[in-house]
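Here is what each chain is made of, one letter per residue.
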Amino acid sequence: MAGKGPVTLQSIAEQLGLHVSTVSRVLNGRQDGSTRAASGDTARRIRNLADELGYRPNPLAAGLRTRRSNLIGVLVPRLSEIVMATIYEGAEEAAAAHGLSVFVTNTHDDPALQRERIAMVLARRVDGLVIGDAHMDGAALDLPGLRTTPFVLVNRRTSAGHTSVTCDDRLGGRLVAEHLLALGHRSVGVVAGEPFASTGADRTEGFVERYREAGLPLPASRVVHSSFDTAGGRRAALDLLSAPEDRPTALFAVNDFAAIGAAGAARDLGLRLGRDLALAGFNDTPLVAELPVPLTSVRSPMTEQGRRAVHLLLRRIAGDEISSEVLTPRLMARESTGGPVGAALL
């Protein structure tokens, strides 16, 4: 109502003839019944009047009372990447369900920028961080502020064993290898991604390990590292496919965009996907099933990774002991590998 000033806890309490502390407990507490702030009828009266008057909680004032900012920082290499954007959506959804706000910052996978952005996020007095840009060595995670501020890694792990929520990338690589072995591919190559990221390293290792178990070890020249984008995938695939007399019959690219780049390289070399060359990617981003030759890809639970990372972070903030979680992937077989299509292979 114009001209009457902002709606406050005090004004709601006065209209209902209640003590302001009762109104505060109802409107600033949890609404799942776990904390009894007032009788059911009183709580309904308070909430109905608050809605009618357009009351909005003041997060700054609440933070001063609880010493919590109700804010979570999320670090990603680039939010423009569909994998990280999807993970962020899951994190935001889980945070909102608990009355928390999130903000995201890009680090471009640069260790110096990572440290700078972590320091910036910590300066915002966040309650915790979800970090999606960790390098295997974990070097950017040794800032003093991270010793006192809870954090959880998502999508990538470190060799130092920081708590993380990841896809079982090693298993995903093995699923691709099993699929290609079943189709008779003995000569294969890997577009392996960046060596500093556990996603590329683990997916590659799972794939190479399964071929080694089959008695078909890959020579070092058949594993080519690249950036996680179409340009990197194209360059790596051209390297792997450049010698017609020793050309692999199948390629595994450790993410879908590198696989799309590899598909472009195959096209330029006159190779038909699913016939002259089998190609598989990873993450099963929505676009790959709609390509001219639909791409076989490992489906990783991207949204769920974001949700689970926030859930673990909230438990850590509450003082609980937590452990890393590894989520199960599935392989979605399509025309690009030339085998049976439409199957979800566990």
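Refer to the preceding data block for the structure.
Draft legend 1. Inspection of helix H8 (residues 198-213) at higher detail. Over its 16 residues, H8 extends 22 Å from the first C-alpha to the last, a length consistent with the 22 Å expected when each residue adds 1.5 Å. The element H8 is extensively covered by neighbouring structure, given that twelve of its 16 residues are classed as buried. Where H8 is concerned, the buried positions are Ser-198, Thr-199, Gly-200, Asp-202, Arg-203, Thr-204, Gly-206, Phe-207, Val-208, Glu-209, Arg-210 and Tyr-211. Each element contacted by the buried residues of H8 is listed here: helix H7 (169-182), strand S6 (188-191), strand S7 (223-224), strand S8 (250-253) and strand S9 (278-283). A positive phi of about 80 degrees marks Gly-215, the residue just after H8.

Draft legend 2. Focus on the layout of surface pockets. Estimated volume of the second largest pocket: approximately 440 Å³. Taken together, 23 residues form the lining of the second largest pocket, with Glu-81, Arg-156, Phe-228, Asp-229 and Asn-255 sitting closest to its centre. Elements supplying a minimum of two residues to the lining of the second largest pocket: helix H5 (82-97) and H8. Here the element with the most residues in the lining of the second largest pocket is H5; it accounts for three residues. For the lining of the second largest pocket, the per-class residue count stands at eight nonpolar, eight polar and seven charged.

Draft legend 3. View of the packing of aromatic side chains. This model, assessed by the stated rule, comprises two aromatic pairs. Consider the rings of Phe-207 and Tyr-211, whose centres lie 5.1 Å apart with planes at 35 degrees: the pair is tilted. With Phe-207 and Tyr-211 both in helix H8 and four residues apart, this pair spans about one turn of that helix. The two residues Phe-207 and Tyr-211 agree in class, both being buried. Feature note: the residues Phe-207, Tyr-211 and Phe-252 constitute an aromatic cluster, connected by ring pairs. The side chain of Arg-124 reaches across the aromatic face of Phe-103, ending 4.4 Å from its centre. We note Arg-203 situated over the ring of Phe-282; from NZ or CZ to the ring centre the distance is 3.8 Å.

Draft legend 4. Seen up close, the environment of Asp-110. Topologically, Asp-110 is positioned in the loop between strand S2 (101-106) and helix H6 (111-123). By relative accessible area, Asp-110 is classed as partly exposed at 35%. Along the sequence, Asp-110 and His-135 sit 25 residues apart, while their C-alpha atoms lie 9.6 Å from each other. Engagement of the side chain of Asp-110 in a polar contact is seen with the backbone nitrogen of Leu-113, the distance being 3.0 Å.

Draft legend 5. Structural detail: the side chain of Asn-255. Here Asn-255 shows up in the loop between S8 and helix H10 (256-268). Residue classification places Asn-255 among the buried positions, given a relative accessible area of 9%. From its side chain, Asn-255 meets the backbone nitrogen of Ala-258 in a polar contact 2.8 Å long. When neighbours within four sequence positions are excluded, Asn-255 is seen to be in contact with Arg-203, Phe-228, Gly-281, Phe-282 and Asn-283.

Draft legend 6. Examining the packing of H7 against H8 more closely. Viewed as axis vectors pointing N to C, H7 and H8 meet at an angle of 40 degrees, and their least axial separation amounts to 7 Å. By the angle between their axes, H7 is oblique relative to H8. Classified by chirality, the crossing of H8 by H7 is right-handed. Contacts between H7 and H8 involve Asp-169, Arg-170, Gly-173, Arg-174, Val-176, Ala-177, Glu-178, Leu-180 and Leu-181 from the former and Thr-199, Asp-202, Arg-203, Glu-205, Gly-206, Phe-207, Glu-209, Arg-210, Tyr-211 and Glu-213 from the latter. Taken together, the residues of the contact of H7 with H8 sort by class into six nonpolar, three polar and ten charged.

Draft legend 7. Layout of the sheet that holds S2. Read from one edge to the other, the open sheet built from six strands follows the order S2-S1-S3-S4-S5-S11, with strand pairing classed as parallel. Looking at strand neighbours, the two that pair on one side only are S2 and strand S11 (325-327), the edges of this open sheet. Sheet twist, expressed as the mean angle between neighbouring strand axes with direction ignored, is 20 degrees. On the sheet, H5 packs against strand S1 (71-76), S2 and strand S4 (151-154) and is oriented at approximately 160 degrees with respect to S2. Its contacts with the sheet place H6 against S1, S2 and strand S3 (128-131), and it is angled at close to 155 degrees to S2.

Draft legend 8. Just unusual backbone geometry, in detail. Residues other than glycine seldom take positive phi values, yet Arg-125 does so here, at roughly 60 degrees. Here Arg-125 shows up in the loop between H6 and S3. Among the residues examined, Arg-125 registers a relative accessible area of 66% and is labelled exposed. Even without glycine at this site, Asp-284 takes up a positive phi of about 50 degrees. Tracing the sequence through the fold places Asp-284 in the loop between S9 and strand S10 (296-299).

Draft legend 9. Fine view of the pattern of salt bridges. This model, assessed by the stated rule, comprises 22 salt bridges. Linking Glu-81 and Arg-78 is a salt bridge whose minimum nitrogen-to-oxygen distance equals 3.6 Å. Taking the shortest distance from any N to any O, the salt bridge between Arg-222 and Asp-246 comes out at 3.2 Å. Here Arg-222 is found in the loop between H8 and S7, whereas its partner Asp-246 is found in the loop between helix H9 (230-241) and S8, with 24 residues between them in sequence. With a relative accessible area of 9%, Arg-222 lands in the buried category. Under the relative-accessibility criterion, Asp-246 is labelled partly exposed at 48%. Via salt bridges that share partners, Arg-170, Arg-174, Glu-178, Glu-205, Glu-209, Arg-210, Arg-212 and Glu-213 belong to a single interconnected network.

Scoring rules and cut-offs
Residues numbered from 1 in each chain as written. Predicted model: local features only at pLDDT ≥ 70, side-chain atom pairs only at ≥ 80, totals over all residues. Heavy atoms only, no water. Helix = DSSP H or I, 4+ residues; strand = E, 2+ residues; numbered from the N terminus. Expected span 1.5 Å × (residues − 1). Buried < 20%, exposed > 50% of the residue type's maximum accessible area, 1.4 Å probe, protein only. Contact = heavy atoms within 4.5 Å. 1 Å grid on protein atoms, 1.4 Å probe; cavity = no way out; pocket = protein on both sides within 12 Å on 5 of 7 lines; lining within 4 Å. Points joined across faces, edges and corners; volume = space filled by probe spheres on them. Nonpolar A, V, L, I, M, F, W, Y, C, P; charged D, E, K, R; others polar. Phe/Tyr/Trp six-rings, centres within 6.5 Å; stacked < 30°, edge-to-face > 60°. Lys NZ or Arg CZ within 6 Å of the ring centre and 35° of its normal. Polar contact = N/O pair within 3.5 Å; in protein donor to acceptor, adjacent residues only side chain to side chain. Axes fitted to C-alpha atoms, helices over the stretch in contact; angles between N-to-C directions. Parallel < 35°, antiparallel > 145°, perpendicular 65-115°, else oblique. Left-handed = near helix turned anticlockwise from the far one by under 90°. Pairing = 2+ DSSP bridges. Salt bridge = Lys/Arg side-chain N within 4 Å of Asp/Glu carboxyl O.

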